[in-house]
Structure formats: structure tokens, C-alpha cells
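Summary of the model geometry
If you want the building blocks of each chain, they are given just below.
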Amino acid sequence: MGKARTVLVTGGARGIGRGIAQSFLEAGHAVMIADLALTPDGGGSDWTYELASHSEMARTVEELAPLGDIRGTPLDVTDAASCDAAVAATVEAFGGLDVLVNNAGVVDSGTLETFSEERWDKIFDVNVKGVFLMTRAAADSLRASDDAAIVNTASIAGKRGAPSMAAYCGSKWAVVGITQSFALELAGDGIRVNALCPGMVGTAMWSDHLMANQSNESFEQRMQDIIPLGRPQTVEDMGQAAVFLATAPNVSGIALNVAGGFEMR
Ligand code: NAD
């Protein structure tokens, strides 16, 4: 294990963010997960599927605590003051910040004719502006670290378009462009910036939206059919890749596909 670092994972209450938090803990690092922490049992979300609840975040902290030092803090990445507060809470809890994982995201789909302006704005607010606001909030703390990195969760949807997915794909292409831009802008400060491009991971995005009303078996079957390596990706696959991207000393500006060969560009 290298030097222990402090890692802030947005959207860390569940799904890929939780897997990333777990991998950093297993590698000996300290983790703050930050998520919406809506009403205690969910139901506070205005989105097309439920986003993380306060109890979901509390449960993740409790379940991962045996692995290492993990805490949770509320965060809305679309709100600049909330981003500042989450960074401040991390620095206060752990004494600094070395790695920011911009992982919070939302999905939605719909054709050109049916997709509303409100839904378009919400996708870009969370998936794109959220990365900017969190990076800005964390920049000074990262500059103070002697070994800092940012990992942005983009997607293979940031490498190829798909019908009914213009907003989501557009937002993830933006994340790849933001990653390259900040990689150049922050290189002089010694901050490495990379993107992680997950393929298909069976989280709430799939079960509650993209394949809602379809069984888990049909998700697995569809993935077996279309992914060269024959299986969907896991949150553990994403965690392993995120730790690599955050700790590889001479890697910056890349957008790494973790997609079983489904996307190669
Ligand atoms: P998820 O819905 O389980 O996790 C997303 C998390 O982000 C949730 O905990 C949610 O509460 C949080 N979040 C949403 N809006 C937020 C906000 N405004 N402020 C703070 N937190 C907010 O889904 P997931 O699949 O784990 O998604 C994680 C990331 O991975 C997203 O950026 C997503 O776009 C990306 N991704 C997922 C897949 C996949 O197949 N699941 C593929 C490619 C990329």
C-alpha cells in the first residue's frame, strides 16, 4: 500500500460510488462519502426514480466502517454552498483532502419530441455543473496536498451517442472534456485528473429507470449478449479502476473504459 490518502466520493451512498468508497477503504485510505441524504427513508427526490436517502447513506457508513475510516456528509452537487460545506466537513474530519471522486450523477432518457427542458437542465446541472462546482470547491485543499488527484465518473456514454439519450450522452461527453481541460489546467499544481468510463453496472440507474419493469435476469442476459467479455460490470470493477486512476503517479487526462470490451475508443 502507498501513502494513506483522504478521499471524498460524491454520490457515495450507493451503487458505483459505494463500490469506489469500499475499494479506497480496502486500499487503506480514509473516505468521506457525500450524497443527497434526502428525507430519512427516501421519497424526497423530484427525479424520475428515487435518489439516495439519509438512511441509505447512514447504512453504507455503518456497513463499510469495519474496513476503515469512513464518514458521511450531506451534499447537493448542484449547490455551490453545499459543495463548499462538504469539502470543509472532509478537511475538518480528516485534516485534509487528497482525492476528489466526482461520481454523483443522474440518468434520464426520451426522444427529441418528448424530452422536456426541465429534465435536460437537471441532467446537466448534476452531471456537468456538479463536476465544476465540486472541483472548484476542492481545488485549494487539493493544491495543499502533496499527492492529489481527481477522478470523474463519466461513462461509455461519453464516448458514443445513443437514441433517446442525447442529454445523458451529452453530459458525459462534457465530463470527458472537463477532465481533459482540468488535467491541463491543474497539472502545474501537481493534480492529476482522469475520468472513469463505466460500461453497464446493475445499479438503480438500470433497475429503476433504463430497464424498469424488467427482471434482473433479462438485464444479465442482455449484457451477456452484447458485452464481449460476457458479463455486466460490477461496482467492484469500478472501485478497482478508480483507485488505480487516483494513485497512478504519471497518468492524467485519460478517460478509462471499464466496459468488458464493449467500448474501446
Ligand atoms: P446511482 O443512482 O445508484 O448512484 C448515483 C448517486 O448519485 C446516488 O446515490 C444519488 O443520490 C447521487 N446523486 C444524484 N444527484 C445528486 C446530487 N445533486 N448531489 C449529490 N448526489 C447526487 O447510480 P450509479 O450507477 O451508481 O451512478 C454513479 C455514476 O456512474 C453516475 O455518474 C452515472 O452517470 C455513472 N455511470 C453509471 C453506469 C451504470 O451502468 N450504472 C454507467 C456509466 C456511468
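Definitions and limits used
Residues numbered from 1 in each chain as written. Predicted model: local features only at pLDDT ≥ 70, side-chain atom pairs only at ≥ 80, totals over all residues. Heavy atoms only, no water. Buried < 20%, exposed > 50% of the residue type's maximum accessible area, 1.4 Å probe, protein only. Helix = DSSP H or I, 4+ residues; strand = E, 2+ residues; numbered from the N terminus. Pairing = 2+ DSSP bridges. Right-handed = clockwise from strand over helix to strand, strands pointing away. Axes fitted to C-alpha atoms, helices over the stretch in contact; angles between N-to-C directions. pLDDT = per-residue confidence, 0-100.

Okay, the pairing of strand β4 (residues 99-102) next. Of the two faces of β4, the one carrying Val99 and Val101 and the one carrying Leu100 and Asn102 are both buried. Pairing of β4 with strand β5 (residues 148-153) involves 4 bridges; the strand directions are parallel. Bridge pairing in β5 links asparagine 102 to asparagine 152. Once the chain exits β4 it traverses helix α4 (residues 117-144) before rejoining the sheet at β5, and the crossover so formed is right-handed.

The next point concerns the sheet that holds strand β7 (residues 255-258). The 7 strands lie next to each other as β3-β2-β1-β4-β5-β6-β7, forming an open sheet whose pairing is parallel. Each of the sheet's edge strands pairs with one partner strand only, and the pair in question is β3 (70-74) and β7. Between one strand axis and the next, the sheet turns through 20 degrees on average, direction left out of account. Note: β5 against strand β6 (residues 191-198), 6 bridges, orientation parallel.

The next subject is the confidence of the model for the protein chain. This prediction gives the protein chain a mean pLDDT of 95; 98% of its residues lie at or above 70. The secondary structure element of the protein chain with the lowest average pLDDT is helix α6 (residues 204-210), at 86, and the one with the highest is β4, at 99.

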